[in-house]
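Fold and geometry: a report
Given next are the chains, with one letter for each unit.
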Amino acid sequence: MKRTSPDVLPAEGGHGDHPLLAVDNLHVEFRTRAGVVRAVNGVSYTVNPGETLAVLGESGSGKSVTAQAIMGILDMPPAVIPKGEIRFRGTDLLKLSEEARTQVRGQRIAMIFQDALSALNPVFTVGWQISEMFRVHRGMSKSDGMKKAVELMDRVRIPAARQRVNDYPHQFSGGMRQRIMIAMSIALDPEVLIADEPTTALDVTVQAQIMELLADLQRESQMGLILITHDLGVVADVADKIAVMYAGRIVENAPVHDIYRAPAHPYTKGLLESIPRVDLKGQDLYAIKGLPPNLLELPTGCAFHPRCPYRQDNCVTDSPPLYQISGWRGSACHYWREVLDGEQ
Amino acid sequence: MGRYIIRRLLQSIPVLLGATLLIFAIVFALPGDPIAALAGEKRADPNIVAILREQYHLNDPLLLQYWHYISGVLFRFDFGVTFAQVPVSQIMAGKFQVTLNLAVTALLIEAFIGVGLGLWAALRRGKATDTMILASTLLLISVPTLVSGFILQFILGVKLKQWTGLDIFPIAGISNGLRSYLLPGFVLAGVSIAYLTRLTRTSLAETLRADFIRTATAKGLSRRRVVGRHALRNALIPLITFLGADLGNLMGGAVITERIFNLPGIGLQLFDSVYLREQPVVVGIVTILVLIYILANLVVDVMYAVLDPRIRYE
């Protein structure tokens, strides 16, 4: 399908009334031989400059697929986007031509991946890989690009950057590799950075350093940060707001502190209760009962109803809308009031 | 790296000695007396037989005979003489050139067609082109050289000339310079082309699924650059191994092709020498083949380290 639409994107700072990035009612399906996998079913969220949105959810909840749809790196086919918009400064990216999309990708919206060892090309030096951004997108010479690469490696606090710029990815530790990944992604000062589980493959101490680095970089550049994670612990300190995803939908969104204080969706509540706590040492860990939903055959009504302690008859038949609780706070549960009040 | 290469070369000495001893012993064990065979139907004069047996050390035990031979090769670079008093090195010199020409031609054809088709198929995965390429490789694998050789010789060598008057592919012999090797080279490469095509296709398709390819795409690079720079370099690594090891196979496997196209290479010579029980020639040819095999593998290993920085030999 040839899309016909403006190929011109508003410059940075233009269209002040639009959010930086707005995902609106996004649907993504994978048409496989086994059937249609509905990975994302109507996700909406926004990110503004300098803001950090944490997208929380278990594997298969659609959080990474949403991110890949924003980047435009889904394999299409089998992926199809039947509905929805991804507006970057007011322009729907999904309606852009492939060339215009390539101009956005990496330069204005960048992404870092979970496992930096496999996400970096093993046969090129890290300097080559970072400087490629400048050579390809800015037409810089090899040596200027390398200088920039050293600067960036300094900026993400890689010790002895000048000596290490000609090393290969496998010669770095996991944390350092992730820093290189970050250096590469921020090379061209993107306005939005998507971090897909950036710390999952790392040691706990290194995790904290990487999160700190991301937070610092964001403060310096005022980019919008989308932090995808399944780890509630990572989120608390750095995120401004949280969107919790389940079975391809956002089941709850809220400013970060509200959600920790009083979750408004049974799934979020279950997640919070499953965090190990020092004061409950020795007791059994809480686990949400049941299994994650089969995306080939989603449950009727609310997708969470088979596992939900608050379930009523209408949950099986009626899919709950995202009820607006207040400002930027919503819950896709018919009984959010009861959940919020802690009644059961 | 330098130390690694030297170590590898030193390691090749026992391999070489073992291989030659093995061949030497096998030829030694062949029934029949080579001196008696020289005389043909007549009974040879026992005195002459005795002199010849002495001259060629044929009365010595196996290991001593082997020593006579191998010390000449190692210390004087002398591969000995045939019973007709022709130096073995002289017999081999021109013939190795022919087989080397043939094998290198085959290797080049294999590399270009195999890698080319494989890449094409990988980039059109699941489409008609891909299926067609895969089907034709299967056909290529199933047809033995003996059959494909004669068919191509007939169609391209004989019929093409009759139909068009153009003499593109000589039917046999090496009197047309390097052009003589095109058709035999293709026949010799045949099965290898099919394997290489499949290997290339798998290798590139697998590489294209790698995480770093997703990263390259997310960097905003063009598809061309993602495939051409980021994927290709990685996908090539296993192909180099295959090609290097295949050079040895092509040289050793040239016997049939040389027969069909009447190329005076070592394949033909080896066949004749085994038949005539010319031990020095057989062992000499095999020794050099083993050497080429070892060197080709060494080159492969060095290339490997050049292409894949994760591999370091020390």
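Residues numbered from 1 in each chain as written. Chains lettered and ligands numbered in written order. Predicted model: local features only at pLDDT ≥ 70, side-chain atom pairs only at ≥ 80, totals over all residues.

1. Quick word on the overall build of chain B
Broken down by element type, chain B carries 13 helices and zero strands. Going from N to C terminus, chain B has its helices and strands arranged as α-α-α-α-α-α-α-α-α-α-α-α-α. A total of 314 residues make up chain B; the buried ones form 31% of that total. Considering only residue pairs separated by 6 or more positions, chain B has 74% of its internal contacts joining residues 24 or more positions apart. (Helix = DSSP H or I, 4+ residues; strand = E, 2+ residues; numbered from the N terminus. Buried ≥ 20, exposed ≤ 12 C-beta atoms within 10 Å, placed from the backbone. Contact = placed C-beta atoms within 7 Å.)

2. Observations regarding the UniProt feature "transmembrane region" (unreviewed entry) in chain B
All names here are of chain B. Cross-referencing UniProt, the feature "transmembrane region" (unreviewed entry) maps to residues 12-30, 98-121, 133-158, 178-196 and 281-307 in the present numbering. The distance from the first to the last C-alpha atom of residues 12-30 is 27 Å, and the span holds 95% helix and 0% strand. Secondary structure across residues 281-307 divides into 100% helix and 0% strand, with the first and last C-alpha atoms of the span separated by 39 Å. (UniProt positions renumbered as here; feature names shortened; annotations may be inferred.)

3. Considerations on helix α3 (residues 46-55) of chain B
Burial analysis of α3(B) places just zero of its ten residues in the buried class, which makes it a mostly uncovered element. Two residues or fewer past α3(B), B:H57 is found with a positive phi of approximately 60°.

4. Here's the deal with the pairing of strand β7 (residues 192-196) of chain A
Residue and element names in this part refer to chain A. In terms of burial, β7 is a largely internal element, five of the five residues being buried. The two faces of β7 match: V192, I194 and D196 on one face and L193 and A195 on the other face are all buried. Sheet analysis places strand β6 (residues 109-112) next to β7, joined by four bridges and oriented parallel. Residue pairing in the sheet places A110 in a bridge with L193 of β7. (Pairing = 2+ DSSP bridges.)

5. Notes on the pairing of strand β4 (residues 79-88) of chain A
All names here are of chain A. Bridge count between strand β1 (residues 21-32) and β4: seven bridges; the pairing is antiparallel. Bridging from a neighbouring strand, L21 pairs with F88 of β4. In this structure, β4 lies alongside strand β5 (residues 91-92), joined through two bridges in antiparallel fashion. Across the sheet, R87 pairs through a bridge with D92, a residue of β5. What sits between β4 and β5 in their antiparallel hairpin is a turn of two residues, with R89 showing a positive phi close to 50°.

6. Focus on the UniProt feature "domain: ABC transporter" (unreviewed entry) in chain A
UniProt feature "domain: ABC transporter" (unreviewed entry): in the numbering of this structure it lies at residues 21-272 of chain A. In this annotation, residues 21-272 of chain A is assigned 40% helix and 28% strand; the end-to-end C-alpha distance for the span is 28 Å.

7. Focus: the interface of chain B and chain A
A common way to report how large an interface is uses the accessible area buried once the components associate. Contact with chain B, which involves 19 residues of that partner, is made by 21 residues of chain A. Listed by contribution, the elements that provide at least two residues to the side of chain B that touches chain A are α9 (211-218) and α10 (223-252) of chain B. When residues in the side of chain B that touches chain A are grouped by element, the largest group, six residues, is from α9(B).

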